[in-house]
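Below, each chain spelled out in residue letters.
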Amino acid sequence: MSAPRMLKFRFQPTPRKLKATLGPGSGPEGRIMRLRQVVTAMVRFERLEMSYPRADEARGYVERLIHDAIKNGDRHKATMDMADFWLLEKDLIHKLFKVLVPRYHNSSSAFTSIYKLPAKYPGGMIDCGLLELKGNPWPPVRPQQRNLKNSLVNVLLQEAAKEYKPTLATSGKDVLSDEKAESILKDMADLKIGETGEGTQV
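So, how was this worked out
- Numbering of residues starts from 1 in every chain and runs along the sequence as written.
- Only residues with pLDDT of 70 or above have their local features reported here, since the model is predicted, and side-chain atom pairs are shown and tallied only from 80 upward, although totals for entire chains, interfaces and linings are computed over all residues.
- As a rule here, side-chain values cover all heavy atoms of the structure and leave hydrogens and water aside.
- Grid spacing is 1 Å over the protein atoms alone, the probe is 1.4 Å, and a cavity is where that probe fits but cannot get out, while a pocket is an open set with protein on both sides within 12 Å along at least five of seven lines and lining residues have an atom within 4 Å of a point.
- Grid points are joined across faces, edges and corners, and a volume is the space filled by probe spheres set on the points.
- Note on residue classes: Ala, Val, Leu, Ile, Met, Phe, Trp, Tyr, Cys and Pro are nonpolar, Asp, Glu, Lys and Arg are charged, and everything else, Gly too, is polar.
- Nine residue types can take part in a nonpolar core, namely buried Ala, Val, Leu, Ile, Met, Phe, Trp, Tyr and Cys, and a core is a set of them joined through side-chain atoms within 4.5 Å.
- To sort residues, take the accessible area from a 1.4 Å probe on protein chains only and compare it with the maximum for the residue type: under 20% means buried, over 50% means exposed, and anything in between is partly exposed.
- A helix here means a DSSP run of H or I that spans at least four residues, while a strand means a run of E at least two residues long, and both kinds are numbered starting from the N terminus.
- Two residues qualify as a contact provided that any one of their heavy atoms is within 4.5 Å of a heavy atom in the partner residue.
- Salt bridges, as used here, are contacts in which a Lys or Arg side-chain nitrogen is within 4 Å of a carboxyl oxygen on Asp or Glu.

Considerations on the layout of surface pockets
Working step 1: Reported here for the second largest pocket is a volume of approximately 180 Å³.
Working step 2: Lining the second largest pocket are Lys17, Leu18, Lys19, Ser51, Pro53, Arg54, Ile126 and Asp127.
Working step 3: Each residue belonging to the lining of the second largest pocket can be placed in one class, and the counts come to 3 nonpolar, 1 polar and 4 charged.

If you want it as C-alpha cells, here you go:
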C-alpha cells in the first residue's frame, strides 16, 4: 500500500522500528498490536503521553482512520473493517463516526497535535511526547497568553516613554539624537510582561 497523500502533516513514509513493543520476540505482530492499543486509547481519552517516536508513528494511523471515516462514512465496508481492526474497544466505533467525524468534518488542518516534552531525569533521558486530538476537553498544553497591555507595569512604562523625550529636550545635558531617542522610546513601548509555556509543538 502506498503512503497516503491525504494526511495533512509531514509524516515518515516508511515504518520506524519501535523498541519494547510487547516484549522480546513479539516481532511485527507485537508492533502492530501496540499501535492498535495506542490508536484505541487515543480515540478513548483524546490525549496520551508516551515516547516521542511511538507517538509520531501512531499519529499517522489515527489521522488516516479519521480521514477515511469522514470521506466514506459508516456505510463503507472497507472503512468499517479498518475501524473494527484498529479500535479494540468496539464502542469506540460509534464515537468515531458520531463524535469525531462531525467535529473534524470541515477541518482544513491535521486532526491531531504532537508535542515534545522535557526529558525526565533521572529516567534514561528518553524523548517524551504528547499526542492529542484537537478539540479535546482537556486543558490546553500551552497556557494561553494573557493580555497584559493594561497592567500597571505596562501603563507606567507607556507614560514614562511619553515623558522621556521632552525631558531630554529641556534638560541642559547632552541630548540624544532623534533617531536614538525614537529607538529608546520604541523599546520602552514594546516592553511587555508575559508568561511562557512548556512544551514545543511540532
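The discussion continues.
Some words on the nonpolar core
Working step 1: Formed by 31 residues in total, the largest nonpolar core has its most connected members in Ile66, Leu87 and Leu96.
Working step 2: Breaking this core down by element, the ones donating at least two residues are α1 (27-45), β1 (47-51), α2 (52-72), α3 (77-86), α4 (91-104) and β3 (128-133).
Working step 3: Apart from the residues within four sequence positions on either side, leucine 87 is in contact with Val39, Thr40, Val43, Leu65, Leu92, Ile93 and Leu96.

Quick notes on the pattern of salt bridges
Working step 1: Taken as a whole, this structure holds 10 salt bridges when the rule is applied.
Working step 2: Among the ionic pairs, arginine 47 bridges to glutamate 132, the shortest N-O distance being 2.7 Å. Of this pair, arginine 47 sits in strand β1 while glutamate 132 sits in strand β3; the two residues are 85 residues apart in sequence, bridging distant segments of the chain.
Working step 3: Owing to a relative accessible area of 7%, glutamate 132 belongs among the buried residues under this scheme.
Working step 4: Between lysine 162 and glutamate 159 there is a salt bridge, with the nearest N and O atoms lying 3.5 Å from each other. Here the residue lysine 162 and the residue glutamate 159 both occupy positions in helix α5 (residues 152-170), the gap between them amounting to 3 residues, near one helical turn.
Working step 5: With a relative accessible area of 58%, lysine 162 lands in the exposed category.
Working step 6: A single salt-bridge network, built from bridges that share partners, covers Arg44, Glu89 and Asp91.

These values are about where atoms sit, not about what they do.
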